[in-house]
Structure formats: structure tokens, C-alpha cells
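Understanding the architecture of this molecule
Here is how the chains run, residue by residue.
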Amino acid sequence: MVNGFPPGDPSAVPTIEQLLRRYAEALTPWAEATAARMLADVNRRDEAAWMAQAQDMSRALRLEIRTAPTGATMQALMAEQVGLIKSIPLEAAERVHRLTIEGLEDSTRASEISKAIQASGDVAKSRADLIARTEVARTASTLTEARAMHVGSTHYIWHTSEDSDVRESHRRMDGKVVAWSDPPTIDKMTGHAGQFPNCRCWAEPIIPED
Ligand SMILES: [Zn+2]
């Protein structure tokens, strides 16, 4: 959409912004369907993982897991994900606006800025990839948290994916016991295992014995 206009032309900016804003709105049904599909898929896997672990749990505990009230959690995740998907074109609009203003203020950087504007598609793509990667892990972690707390779990063990891509700050959390009520602050962000951007860590809930 952005590339259909001469880069850096301030007169095109209002039209680009309007198009991208309308596009964000038009995306809503698709965003809802996509988020719902991902949520259902991750939810199925989380439930299956619980059931596999539940072999040696009591019948009562298994029933508790099955009837955990995850509906509200799913709805909140869905609303957040639709918001994130729609933010991609809105951020692109803001970016074009900002870059065009920069070009007006500093004409010596015009060609550099024009290139940056033309890269809007790539920027949006990498943002979309980041959202997709982050949201799958965050959904899994949030559903595990909801089910764990429902069966009386107060703590979990933080696990990393144990490969060379794990960032140092998360590696330091590996094996640590964390309270669900007290998510740690790491790199200036607060959250549980799997709830950080690009994070593949996961939580192993500690389940009460009886
Ligand atoms: Zn992590």
C-alpha cells in the first residue's frame, strides 16, 4: 500500500494513513478468526499436556483441570491478539508519517528516508513474525497459569528451551521456582515464563500433593 505512493511526498501521507487505518478495520474479522484458531490449537495442546501429566493425579484433580474456567482467559487473549494484529498497519501509518516529517526537516537524508519508507512492508512483516512467535508461547503460558491456579498451584518451575538461542537473562531463570502471584521482572519487563517477546520458556506447574 505504502509503495503505491512516491516515498517522502508529504501530500500522500494523509491518503496512506487513511488507507492503512481502513485496512486495520477491514482486518478485524480475519484477525478474530486467526486468533481464535490459534487459541483453540494452543488450548488443545495445553489440555493434552495436563492430561498426560495427570496420570498420577487423583480423579478429583483431573476433573478440576478439565473444568478450569479458561473462558475469560481465552477471551482476554483473543482481544489482545486482535489488537496486536490491527496495530501492524496502524504502526506502519505512524512510521510513514514520522519518516516523512523527518525528511521534510532534514533534506540531506532524503534518499535514506525514502528507502526507509519503502521498507515499510518488511518492517510490518518482521513485526507480524514477532507477534506470531510471541503470542503462541504467551498463550500457552497464560493457559497453563489459569489451569494451575485453578487446581491450587501456587508456584511453578521456570524452564528454558535449553539451546544456544536462550538469552542470558532467561538462562539465569532456568530451574528456578517462581510464585504465580509474583512474576519476575527481567530486562525491565514483568511476566512469567513464555510471556516475554520472542520467549520460548515454559512453566512447569508445581501441583499440590492431595
Ligand atoms: Zn524466555
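Residues numbered from 1 in each chain as written. Predicted model: local features only at pLDDT ≥ 70, side-chain atom pairs only at ≥ 80, totals over all residues.

1. Section: the overall build of the protein chain
When its secondary structure is counted, the protein chain shows seven helices and five strands. Walking the protein chain from its N terminus toward its C terminus, one meets helices and strands in the order α-α-α-α-α-α-β-α-β-β-β-β. Principal-axis analysis of the C-alpha atoms places the extent of the protein chain at approximately 70 × 35 × 25 Å. (Helix = DSSP H or I, 4+ residues; strand = E, 2+ residues; numbered from the N terminus.)

2. Some thoughts on the domain arrangement of the protein chain
When its domains are assigned, the protein chain resolves into domain 1 (2-151) and domain 2 (154-210). Taking only C-alpha atoms into account, the centre of domain 1 sits 22 Å from that of domain 2. Taken together, the contacts link 14 residues of domain 1 with 14 residues of domain 2. Broken down by class, the residue content of the side of domain 1 that touches domain 2 amounts to seven nonpolar, four polar and three charged. (Domains from an automatic or database assignment. Contact = placed C-beta atoms within 7 Å. Nonpolar A, V, L, I, M, F, W, Y, C, P; charged D, E, K, R; others polar.)

3. Concerning helix 6 (residues 120-150)
Taking 1.5 Å of rise per residue, 31 residues should cover 45 Å, and helix 6 covers 44 Å from first to last C-alpha, within 8% of that figure. Where helix 6 terminates, the next one or two residues include G152, which has phi positive at roughly 90°. (Expected span 1.5 Å × (residues − 1).)

4. Quick word on the packing of helix 2 (residues 28-53) against helix 4 (residues 71-105)
Packing of helix 2 against helix 4 leaves a shortest axis separation of 9 Å and a crossing angle of 135°. Accordingly, the angle class assigned to the pair helix 2 and helix 4 is oblique. The two elements helix 2 and helix 4 cross, and the hand of that crossing is right-handed. Only M74, L77, M78, Q81, V82, I85 and K86 of helix 4 make contact with helix 2, whose side of the interface consists of T28, A31, E32, A35, A36, L39 and N43. Per-class residue counts for the contact of helix 2 with helix 4 are nine nonpolar, three polar and two charged. (Axes fitted to C-alpha atoms, helices over the stretch in contact; angles between N-to-C directions. Parallel < 35°, antiparallel > 145°, perpendicular 65-115°, else oblique. Left-handed = near helix turned anticlockwise from the far one by under 90°.)

5. Points about unusual backbone geometry
Most of the time, phi is negative for any residue but glycine, and the peptide bond is trans. The backbone of E162 shows a phi angle near 55°, a positive value even though the residue is not glycine. Here E162 falls in the exposed class, since 11 other C-beta atoms lie within 10 Å of it. A positive phi angle, close to 70°, is found at K188, a residue other than glycine. The topology assignment puts K188 in the loop between strand 3 (185-186) and strand 4 (189-190). (Buried ≥ 20, exposed ≤ 12 C-beta atoms within 10 Å, placed from the backbone.)

6. Describing the environment of E80
Mapped onto the fold, E80 is located in helix 4. Linking E80 and E135, residues 55 residues apart in sequence, is a C-alpha distance of 9.5 Å.

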